[in-house]
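Architecture at a glance
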Amino acid sequence: MPCVGDWLNSPLSIVQGIFAQNVPNSDWEKKVTEYFKEKLKENNATNWVPSLNDVPVHYLKPNSLVKFRCMVQDMFDPEFYMGVYETVDPNTNARVLHFGKYRDVAECGPQQEIDLNSSRTVTSERQTFYCVPVPGESAWVKEISFFASQARVSPSTSYTPSRHKRSYEEDEDMDLHPSKQKEQHMGNSCCSGGDIHGCVEPKRLETEASAGHHVISPNCSPPLDLNFPLPGEKGPACLVKVYESWESFKVNDVLEVFGVLSVDPVLSIVNSEERDSSTLDPVECMDTAEEQRVHSPPASLVPRIHVILAQKLQHINPLLPACLNEEESKTCEFVSNFMSELSPVRAELLGFLTHALLGDSLAAEYLILHLISTVYARRDVLPLGKFAVNLSGCPRNSAFTEHLYRLIQQLVPASYHLRMSIESMNHSRFIPHKDYTANRLVSGLLQLASNTSLVIDETQLEQGQLDTAGVHNVTALGNLITWQKVDYDFNYHRMEFPCNINVLITSEGRSLLPSDCQVHLQPQIIPPNMEEYMSSLLTAVLPSVLNKFRIYLSLLRLLDYSISDEVTKAVEEDFVEMRKNDPESVTADDLHKMLLVARFLSLSVGQTTLSRERWLRAKQLEALRKARLQQQKCVNGNEL
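Just so you know, these numbers come straight off a predicted model, no measurement behind them. (Residues numbered from 1 in each chain as written. Predicted model: local features only at pLDDT ≥ 70, side-chain atom pairs only at ≥ 80, totals over all residues. Heavy atoms only, no water.)

Some details on the packing of helix H10 (residues 342–356) against helix H15 (residues 530–540)
Let me state the cut-off plainly: Angles shown run from 0 to 180 degrees and are taken between the N-to-C directions of axes, each axis being a line fitted to C-alpha atoms and, for helices, limited to the stretch in contact. Only runs of H or I of at least four residues qualify as helices and only runs of E of at least two qualify as strands under DSSP, and these elements are numbered from the N terminus. Each angle is binned into one of four classes, with values under 35 degrees roughly parallel, values over 145 roughly antiparallel, values of 65 to 115 roughly perpendicular, and all other values oblique. Should the near helix be turned counterclockwise from the far one by less than a right angle, the crossing is left-handed, whereas a clockwise turn marks it as right-handed. We call two residues in contact whenever any of their non-hydrogen atoms come within 4.5 Å of each other.
Direction vectors running N to C along H10 and H15 enclose 165°, while the axes themselves pass 10 Å from each other. Considering their axes alone, H10 and H15 lie roughly antiparallel with respect to each other. As for how H10 packs across H15, the hand of that crossing is left-handed. Residues Phe352, His355 and Ala356 of H10 pack against Tyr533, Met534, Leu537 and Leu538 of H15.

Below you can see the structure in the form of structure tokens.
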């Protein structure tokens, strides 16, 4: 076990030590980052850092080191803070230099005051991100991450704060009783005093905060909306304060941040005039009370993290190494070991999905290709690598899609099941929009992280009239599928946000929505009890095999792929020959689709270059798929 001393429990004391040794040299900030980077590399030390994804906020010690796996839902305006400030003792005139980085509230001892006119004060800038747990994150991701964690935590009530800081229970009490905040805060200098006891109700309220989309606080009207993109999401939202390289992060990026947890009661103060000089991030001239409420929510409900280290995640699968691009021996060994056993894993997964698709092995092949597909590049506006599949011929009244989604949910790290109905289209909020009153981006269902699997169930769609909102939502789905982008609504204009979402549409006939590939389901078996049948499939798979499926699907979409000049020439010649034989039905679009199928077919067997064998197999799959569609068209007498 690595040493979990001051750097984990009291990171600010480490920062203080480095600051004291290096002042006035500005290198102290770089040395802090390097120190924690080295510490987190030792003996898998990241597993010893408590995670806000796993542990309730009130179990974490204030000002301790924490981590958070999250998506950037919104970016607030940059804010200024006192990076370095000086305090003075009025009695002795003794002066002490302090750092303000990684803090919301200025630290100063008894009988000390901040000298706001000091020539040694350094004003710095930081960026605040509003972050939420990854939308649609699968339960198995949370469970594996939780059990991998070796952090030891206990309720923060066991933490005894220093004399001039209020306790966390007092923080909760203040959240519910702003009048007490005002009474205690007025007349105080930078050092807070008082002994207001917490009550039982706030603890219950805080627990409920993670259970829904809205958090109801007696003195907040309307209730605080945590702005999760998907309904029913659980977990904390956080204000993540970034000090370095924030321009490299953008909205919808998935991050893992390591930083100092801040839950100081002063952060919950509602009115800006109640803030005094102890606050390092004053809210300057907020235009509306709504903006104040959104940008300075109660710290017990929306804690702050002052980031020491942050990294953009390639994926959120806890079974894989975090960064597969690194040339580390452990990473290379992991990849090579798994690739050596890829063939049997693919065969087992194909069998599993064939059973899930009621015995249809062709549909199972295409489902594998769909699940490992990803947008690997963009050429002008065209996203390359997207592979949206329309699975038509799905049973309407057997809740087939619901059960199929549950199986997919067990395989992919993040997913969402969108039940398409007239009511949901007309009344759901798909597109994020800017609320200028609160100065925030209000989330929508389509604000999803990269590589999320979106399963759209069209089998429940009934006759009815779409209103204006419904038409906009259907258009947004079409743009997402075709262009892999969502146009966020900024009232006066629309702004394109590129995305990388795997879309699977289930329908009876051909989908109303566009797709890259339509596969008509041909069930070989019709189980009398669909729920029992699908549940038995999962219970029959060993947990170790299920984990191999999860690694397989996540790993293959991260592999590089290329086509040699020799194979390119052979494909071109083959396509010319196909056009000669059947000029009417073979188009450039067919070539693109076959190349796409060949790409994912090659990757699905662990080959990162296209071979003649895989090209022929791709042609064969496409011929079978088209023949099935043609057969169905002849049976029904209309186009599918």
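Observations regarding the packing of helix H17 (residues 565–581) against helix H18 (residues 588–604)
The condition that has to hold: Put simply, Ala, Val, Leu, Ile, Met, Phe, Trp, Tyr, Cys and Pro go in the nonpolar bin, Asp, Glu, Lys and Arg in the charged bin, and everything else, Gly too, in the polar bin.
For the pair H17 and H18, the least separation of the axes is 11 Å and the interaxial angle reads 140°. When the axes of H17 and H18 are compared, the pair comes out oblique. In this structure, H17 meets H18 at a crossing whose hand is right-handed. Note on element contacts: H18 touches H17 through Ala588, Leu591, Met594 and Leu595, opposite Val571, Phe575 and Met578. In the contact of H17 with H18, the residues fall into seven nonpolar, no polar and no charged.

Here's the deal with the pattern of salt bridges
A pair can form between side chains of opposite charge whenever their charged atoms are brought close. Threshold: Any Lys or Arg side-chain nitrogen found within 4 Å of a carboxyl oxygen on Asp or Glu counts as a salt bridge. Throughout, exposure labels follow a simple rule: accessible area from a 1.4 Å probe, protein chains only, divided by the maximum for the residue type, with under 20% read as buried, over 50% as exposed, and the rest as partly exposed.
With the rule as written, the count across this model stands at 30 salt bridges. As a salt-bridge pair, arginine 120 and glutamate 86 come within 3.2 Å of each other at their nearest N and O atoms. Of this pair, arginine 120 sits in the loop between strand S4 (113–114) and strand S5 (122–132) while glutamate 86 sits in strand S2 (residues 79–88), and the two are 34 residues apart along the sequence. Its relative accessible area of 4% is what places glutamate 86 among the buried residues. Among the salt bridges present, the one from arginine 612 reaches aspartate 574, with a minimum N-O distance of 3.8 Å. Of this pair, arginine 612 sits in helix H19 (residues 612–636) while aspartate 574 sits in helix H17, and the two are 38 residues apart along the sequence. By sharing partners, the salt bridges in this structure join Glu79, Asp104, Arg126 and Lys241 into a single network.

Here we look at the nonpolar core
Note the following rule: The term nonpolar core refers to a set of buried residues drawn from Ala, Val, Leu, Ile, Met, Phe, Trp, Tyr and Cys, joined through side-chain atoms within 4.5 Å. The start and end points of each domain follow an automatic or database-based domain assignment.
Of all hydrophobic cores here, the largest spans 73 residues; its most connected members are Leu391, Phe400 and Tyr552. Looking at this core, you find at least three residues from each of domain 2 (329–556) and domain 3 (560–639). If sequence neighbours within four positions are ignored, tyrosine 552 has contacts with Phe338, Leu342, Val345, Arg346, Leu349, Ile368, Ile372 and Ser604. Counting residues in hydrophobic clusters, the runner-up holds 30 residues, among them Met420, Leu454, Val503 and Ile505.

Some words on the pairing of strand S1 (residues 65–75)
We apply this condition: Being paired, for any two strands, means DSSP has found at least two bridges between them.
Burial analysis of S1 places 10 of its 11 residues in the buried class, the great majority of the element. One ladder, built from seven bridges, connects S1 with strand S9 (residues 254–262); its direction is antiparallel. In the sheet register, valine 66 faces S9, and the bridge partner there is glycine 259. In this sheet, S5 lies alongside S1 in antiparallel orientation, the contact comprising four bridges. Bridging across to S5, methionine 71 finds its partner in valine 132.

So, the environment of valine 345
By the element assignment, valine 345 lies in helix H10. C-alpha of valine 345 to C-alpha of leucine 546: the two residues are 201 residues apart in sequence and 9.7 Å apart in space. Contact partners of valine 345, with chain neighbours within four places excluded, come to Phe338, Lys548, Phe549 and Tyr552.

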